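The residues making up each chain are set out below.
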Amino acid sequence: MKILFLTHPYPNYGPDLLLHGLRKLLGPTVVDFPRKDCVYEGVLGLGVCPDNQRCPDWFASDIGVIDRDDIAAKVASDYFELVICDVRAAGFLQQHFPALPRRLALIDGEDRPARVTPGPFILFRRETDGTDSSIPLPMALPVEILRWIGALDQTPKTHSVGFLGSSADEGRRQVIQAISRDFPDALVAATRLPTEGDPLPDGRMGRDDYYRALQSCRVVLSLPGAGCRVRYLPILGKRGMQRSPPECQQSPAHSA
């Protein structure tokens, strides 16, 4: 199956993990355009990714196998059986393709749903409550990452509870404080996210230390962050769905 994946240069777990999965399943017939440099450089999710947090080779090389020539002409001739577009690349889509592809899917992997004007496409979202005519898009770690974690299976369990992540959200901070109070042997590493001005915040672990720390905990917590608190509904194929937005704060407007 020939698929064109219109990308945004900035990392995002939703579209990047989907691109990874499609490439693994279907091979070089899945064309990322423009080339998503960050995934080939080992970036996984982080907008600012220091070298000690990169995941080399989690995304296979594209050298000599991906054909990115004459993309506009191929789209116009229906060469691709499906065009997938990161919602953040909607402007690129409109600028370079005057007529929308006949088979188009938008991928919204944002923490808060982007504003998308309904149109002739299917909308997949990471965060949805099922009332916005979108289809839930779950995420999963690539097998390459699971192998790195699994290689540390024999790490002694020295902590009852662990949380490794950012502390930007006030709700997270309250939970983290409660964990630290109630579980003296907990491993809590809550740091600021890396930024251009501060690429290595205090307490931020490198990739290998991060996975080793995960394996030292009997229970690892995943706490709500900036995304919507949602429930996934079985909406695929549902008729007469409402077009009202989810009941959560939305990000700055995007249109498609």
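Residues numbered from 1 in each chain as written. Predicted model: local features only at pLDDT ≥ 70, side-chain atom pairs only at ≥ 80, totals over all residues. Heavy atoms only, no water.

1. Points about the confidence of the model for the protein chain
Convention followed: Along the chain, pLDDT gives the predictor's confidence residue by residue, from 0 to 100. Every residue pair with non-hydrogen atoms within 4.5 Å of one another is taken to be in contact.
On average, residues of the protein chain score 83 in pLDDT, and 86% of them reach the 70 mark or higher. Ignoring residues within four places in sequence, the model shows residues 229-256, a span with pLDDT below 50, making 66 contacts including any to other chains.

2. Considerations on the sheet that holds strand β8 (residues 187-191)
Filter applied, for reference: Strands qualify as paired when DSSP identifies two bridges or more between them. Under the DSSP-based scheme used, a helix requires at least four consecutive residues in state H or I and a strand at least two consecutive residues in state E, with every element numbered from the N terminus. Throughout, an axis means a line fitted to C-alpha atoms (over the contacting stretch in the case of helices), and angles, computed between N-to-C directions, take values from 0 to 180 degrees.
Strand order in the open sheet made by the three strands is β8-β7-β9, with parallel pairing throughout. Both outer strands of the open sheet, β8 and β9 (217-220), are each paired with one neighbouring strand and no more. Averaged over all pairs of adjacent strands, the angle between their axes in this sheet comes to 25°, without regard to strand direction. By the bridge criterion, three bridges tie strand β7 (residues 159-166) to β9 in an arrangement that is parallel. Bridge pairing in β9 places Val-161 opposite Val-219.

3. Comments concerning the packing of aromatic side chains
As a reminder of what qualifies: Two aromatic rings from Phe, Tyr or Trp, using only the six-membered ring of Trp, form a pair when their centres are within 6.5 Å; if the ring planes differ by under 30 degrees the pair is stacked, by over 60 it is edge-to-face, and anything between is tilted. Using a 1.4 Å probe on the protein chains alone, a residue whose accessible area is under 20% of its type maximum counts as buried, one over 50% counts as exposed, and one in between counts as partly exposed. Whether a charge sits over a ring depends on NZ of Lys or CZ of Arg being within 6 Å of the ring centre and within 35 degrees of the ring normal.
According to the stated counting rule, one finds six aromatic pairs in the structure shown. When the ring of Trp-58 is compared with that of Phe-59, the centres are 5.5 Å apart and the planes differ by 75°; the resulting orientation is edge-to-face. Of the two residues examined, Trp-58 and Phe-59, each falls in the buried class. Judged by centre distance (5.0 Å) and plane angle (90°), the ring pair of Tyr-79 and Phe-80 falls under edge-to-face. Taking the relative accessible area as the measure of exposure, Tyr-79 reaches 37% and is therefore partly exposed. Through a chain of ring-to-ring contacts, the aromatic side chains of Phe-33, Phe-92 and Phe-97 assemble into a single cluster. Here Lys-2 stacks its cationic end above the ring of Tyr-79, 5.3 Å away from the centre of that ring. When the ring centre of Tyr-79 is taken as reference, the NZ or CZ atom of Lys-74 above it lies at 5.1 Å.

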